Amino acid sequence: MPDFPWDLLAPYGVRAKNHPKGAIDLSQGTPVDPTPDFIQKALHEASNAPGYPVTTGSPELRRAIITYCRDQLGAAGEFDVLPVIGSKEFVAWLPFMLRSKKVLIPEIAYPTYRVGAIIAGAEIKEVGIDATKWNTDSGDLIWVNTPSNPTGRVHSADEITAALAHRSRGAIVAVDECYFSFGDSKKPISTFQLARGDNKNFLTVHSLSKRSNLAGYRGAFVAGDPALISRLLELRKHAGMMAPAPVQHAVAVALGDEVHVQEQAMVYAARRKRLAPALTSKGFAVDFSDAGLYIWCSNGEEDWAQVAWFAERGILVTPGNFYGKGGARHIRIALTATDAKIDEAIERILHS
Ligand SMILES: Cc1ncc(COP(=O)(O)O)c(C=O)c1O
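Per chain, residue numbering runs from 1 following the sequence as it is written. Two thresholds apply to this predicted model, a pLDDT of at least 70 for residue-level local features and 80 or more for giving and counting side-chain atom pairs, whereas whole-chain, interface and lining totals are computed over all residues.

Undergrad: Looking at this model, I keep getting lost on the overall build of the protein. Mind explaining?
TA: Across its full length, the protein holds 13 helices and 13 strands. Projected onto its principal axes, the C-alpha positions of the protein cover 55 × 50 × 35 Å. With C-beta atoms placed from the backbone, the exposure class of a residue follows from how many other C-beta atoms lie within 10 Å of its own: 20 or more, buried; 12 or fewer, exposed; in between, partly exposed. Evaluated residue by residue, the protein yields a buried proportion of 51% over its 352 residues. Residues are treated as contacting if the C-beta atoms built from their backbones sit within 7 Å of each other. Put simply, of all contacts in the protein between residues at least 6 apart along the chain, 74% involve residues at least 24 apart. Going along the chain from the N terminus, every DSSP run of H or I of four or more residues is numbered as a helix, and every run of E of two or more is numbered as a strand.

Undergrad: Can you walk me through the nonpolar core in this structure?
TA: By convention in this section, buried Ala, Val, Leu, Ile, Met, Phe, Trp, Tyr and Cys residues joined through C-beta atoms within 7 Å make up a nonpolar core. Counting residues in hydrophobic clusters, the biggest one holds 105 residues, and the most contacted among them are V173, A174 and A250. Here this core spans two domains, since at least three of its residues come from each of domain 1 (6-35 + 260-351) and domain 2 (37-256). Segmentation of the chain into domains, including their bounds, is taken from an automatic or database domain assignment.

Undergrad: Is there a simple way to explain the domain arrangement of the protein in this structure?
TA: For the protein, the domain assignment lists domain 1 (6-35 + 260-351) and domain 2 (37-256). Here the C-alpha centre of domain 2 lies 26 Å away from the C-alpha centre of domain 1. Counting from both sides, the interface comprises 29 residues of domain 1 and, opposite them, 29 residues of domain 2. Put simply, the parts of the chain that give the side of domain 1 that touches domain 2 at least two residues each are α11 (259-281) and β10 (294-298).

Undergrad: Help me out: how do you make sense of the site of the ligand in this one?
TA: Residue proximity rests on one test: whether the C-beta atom, placed from the backbone, lies within 6 Å of the molecule or strand. Residues in contact with the ligand amount to 14 residues; listed here are only the nearest, G86, S87, K88, S207 and S209. Among the elements that take part in the shell around the ligand, helix α4 (residues 87-97) stands out by supplying three residues, more than any other. For the shell around the ligand, the residue count by class is five nonpolar, seven polar and two charged. Here the nonpolar group is Ala, Val, Leu, Ile, Met, Phe, Trp, Tyr, Cys and Pro; Asp, Glu, Lys and Arg are the charged ones; every other residue, Gly included, is treated as polar.

Undergrad: What should I look at first to understand helix α9 (residues 226-239) in this one?
TA: Helical periodicity: at 3.6 residues per turn, an α-helix aligns residues three or four positions apart in one direction. By this rule, a helix spans an expected 1.5 Å times one less than how many residues it contains. Look at α9: 20 Å from first C-alpha to last across 14 residues, which is about the 20 Å you get at 1.5 Å a residue. Regarding α9, the residues found buried are L228, I229, L232 and R236. Seen along its axis, α9 keeps its buried residues to an arc of 95°; they face one direction. Along α9, the residues that are exposed and aim more than 90 degrees away from the buried face are A227, S230, E234 and H238. At its buried positions, α9 is contacted by β2 (80-84), α4, β6 (172-176), β7 (202-207) and β8 (220-224). Comment: arc refers to directions from the helix axis out to C-beta atoms.

Undergrad: Just to check I follow, could you spell out the environment of H330 for this structure?
TA: Within the secondary structure, H330 sits in the loop between β12 (318-319) and β13 (331-334). Setting aside its immediate chain neighbours within four residues, H330 contacts W296, C297, S298, D303 and G320.

Undergrad: Teacher, can you tell me more about the environment of R272 here?
TA: Residue position: R272 is located in helix α11. Put simply, R272 and F96 are 176 residues apart on the chain and 37 Å apart in space, counted from C-alpha to C-alpha. Filtering out sequence-adjacent residues up to four positions away, R272 remains in contact with D184, S289, I295 and L335.

Undergrad: Would you explain the sheet that holds strand β5 (residues 141-145) in this entry?
TA: Adjacent strands of a sheet pair through backbone hydrogen bonds, lying either parallel or antiparallel. A pair of strands is considered paired only if DSSP assigns at least 2 bridges between the two. Taken in spatial order, the seven strands line up as β2-β8-β7-β6-β5-β3-β4 in an open sheet, and their pairing is mixed. If you trace the sheet from one side to the other, it starts and ends with β2 and β4 (123-127), each paired once. Neighbour-to-neighbour, the strand axes of the sheet open up by a mean angle of 20°, direction not taken into account. Two elements, β7 and β8, share five bridges in a ladder whose sense is antiparallel. By the bridge assignment, V205 is partnered in β8 with V222. Every axis in this analysis is a line fitted to C-alpha atoms, fitted for helices over the stretch in contact. Angles between the N-to-C directions lie between 0 and 180 degrees.

Undergrad: In this structure, what is going on with the pairing of strand β3 (residues 102-106)? I would like to understand it.
TA: Consecutive side chains of a regular strand alternate in pointing toward one face of the sheet and then the other. Burial analysis of β3 places four of its five residues in the buried class, which makes it a mostly covered element. Taken together, the five bridges between β3 and β4 define a ladder with parallel strand orientation. Residue pairing in the sheet places K102 in a bridge with E123 of β4. The handedness of a crossover follows from its direction of travel: if, with the strands pointing away from the viewer, the path from the first strand over the helix to the second runs clockwise, the crossover is right-handed. Read from β3 through helix α5 (residues 112-120) to β4, the crossover connection turns out right-handed.

Undergrad: Would you explain helix α2 (residues 37-45) in this entry?
TA: Every buried residue of α2 is accounted for by I39, A42 and L43. Down the axis of α2, the sector holding all buried residues measures 100°, keeping them to one side. Opposite the packed face of α2, turned more than 90 degrees from it, sit the exposed residues D37, K41, H44 and E45. Tucked into the core, α2 has its buried residues touching α10 (245-255).

Undergrad: What is the right way to look at the sheet that holds strand β9 (residues 285-287) in this model?
TA: Taken together, the four strands give an open sheet; going across it, the order is β9-β10-β13-β12, and neighbouring strands pair in antiparallel fashion. With partners counted over all chains shown, the strands left at the sheet margins are β9 and β12, one partner each. Note: β10 against β13, four bridges, orientation antiparallel. What sits directly across from I295, in β13, is I333. The strands that α11 touches are β9 and β10; relative to β10, the one it contacts most, it runs at about 10°.

See the structure below:
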């Protein structure tokens, strides 16, 4: 396994904590806004759960996921769905479960795509974010992440379609859309919609962690090719990978509501709108950052020097190299801090 990168950031956390007004942690994309009351209530309602939950999901949850896929993602044709215990475990174990030999991952990406390939003992091939420019064989599993962590880049329809085309050469295309609900200056396009009912060798993973602020519950789902879902279900049944029953109910209830999601999207958009100009006024160029929870930016220096610049101001941000060598001159700033903390960070960026 690679070194756990967050350990390398710890000394900068100590530096940030030494700031007279304390540290502001903008390094992790962990939601801080409350889980909506109606979802908390749903969790509580289902808290009497003496029996085992089913791996395939309760009928209520399966209905909710299928309806979400059809209504919000434009899913058509034959597809199946499966709850998972947060999308990280799915990302980490998918190549192992599929017995993948060669996995294509974005060159700047959420680190767990690489970790999953390592667990599977698979060859890893890094590819550019734009699939229309790929000049590679297809491997047998391809990860696409739109909107992307860490860049906040929203893939175009052409790029996603180009990735999906690798299915005709035998690859399984897995699209991580866990930030799908948080389009800002660009709206993400659902891969289901672009698959136009041909879901063979296609999987998409969605998470409630950010969409509904329930990262602590561990609720996500995968949807797509019924044959692949059936293979994954069989394995997961044997391996005890079932979502807890109270969480299944809470996820079903959360998926039925888009109002709280729109409200949260507006909160992130407002934070980005306030923070980005403060950064640019100090010489940081903001790249992509059109959706999702992050600002991806650079002042042209090495990433650790930029992390140190923020740590002196009591702000902890993430160095871009955590996401691949191509990120080594960028930093990632998470919008997952309260409005008050974002305002305090802006104050420190502008005036110290
Ligand atoms: C791109 C991406 N995929 C998956 C995850 C995992 O999210 P969770 O396990 O909370 O669903 C994250 C978390 O930050 C992420 O950034």
